[in-house]
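Structural features, examined
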Amino acid sequence: GCWVRLYSGDDFQGRGMTVVGPANLAEVRSPYGTGLNNWESAVVGPNATVTTYDDENFRARSATLRPGQRYAELDDSKLGLFEDIESMRVSCAA
């Protein structure tokens, strides 16, 4: 599958939102209301590559989430990740 599931808490806890690719979200909006783009953890589907951006419209810092990976903490500075995901691209492997 080509998807990413984002969680509001570390270690895949809290509210979740799944984005099915391919998708280009210039502004990430939560189904739970405005102001929830502080995602703490994520699971990436086996056929998806997710590029996240620190600002709307695919601007500012970016980080890549790799296919089939589980990220228990998105704010891991060693990975170059950040938890404020303002926009994202989900691309699918052929």
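For the structure given in this document, a descriptive report is provided here.

Criteria and thresholds
- Residues numbered from 1 in each chain as written.
- Predicted model: local features only at pLDDT ≥ 70, side-chain atom pairs only at ≥ 80, totals over all residues.
- Heavy atoms only, no water.
- Helix = DSSP H or I, 4+ residues; strand = E, 2+ residues; numbered from the N terminus.
- Buried < 20%, exposed > 50% of the residue type's maximum accessible area, 1.4 Å probe, protein only.
- Polar contact = N/O pair within 3.5 Å; in protein donor to acceptor, adjacent residues only side chain to side chain.
- Contact = heavy atoms within 4.5 Å.
- Core = buried A, V, L, I, M, F, W, Y, C linked by side-chain atoms within 4.5 Å.
- Pairing = 2+ DSSP bridges.
- Disulfide = S-S within 2.5 Å.

**A few points about the side chain of Ser-87**
Mapping Ser-87 onto the fold places it in strand β8 (residues 87-92). Look at Ser-87 and you get buried, because its relative accessible area is 0%. Within the local environment of Ser-87, its side chain forms a polar contact with the backbone oxygen of Asp-55, the two atoms lying 2.6 Å apart. A distance of 3.0 Å separates a polar atom in the side chain of Ser-87 from the backbone nitrogen of Phe-58. Ser-87 has contacts with Leu-25, Ala-26, Glu-27, Val-28, Thr-51, Thr-52, Tyr-53, Asp-55, Glu-56, Asn-57, Phe-58 and Arg-59, leaving out every residue within four places of it along the chain.

**Observations regarding the nonpolar core**
Judged by nonpolar contacts, the single largest core of 21 residues is most densely connected at Val-4, Leu-6, Leu-65, Leu-74, Met-88 and Val-90. Those elements giving two or more residues to this core turn out to be β1 (3-9), β2 (13-20), β4 (41-44), β5 (48-55), β6 (59-65) and β8.

**Focus on the sheet that holds β2**
The 4 strands lie next to each other as β2-β1-β4-β7, forming an open sheet whose pairing is antiparallel. One side of each edge strand has no neighbouring strand; the edge strands of this open sheet are β2 and β7 (70-71).

**What about the state of the cysteines?**
Applying the stated criterion across every chain, the model contains 1 disulfide. Across the disulfide from Cys-2 sits Cys-92; the S-S distance is 2.0 Å. Because the sign of the S-S torsion sets the handedness, a value of about -85 degrees for the bond joining Cys-2 and Cys-92 places this disulfide among the left-handed ones. Placement of the pair is Cys-2 in the segment before β1 and Cys-92 in strand β8, with a sequence separation of 90 residues. Residue Cys-92 is classed as partly exposed on the basis of its relative accessible area of 34%.

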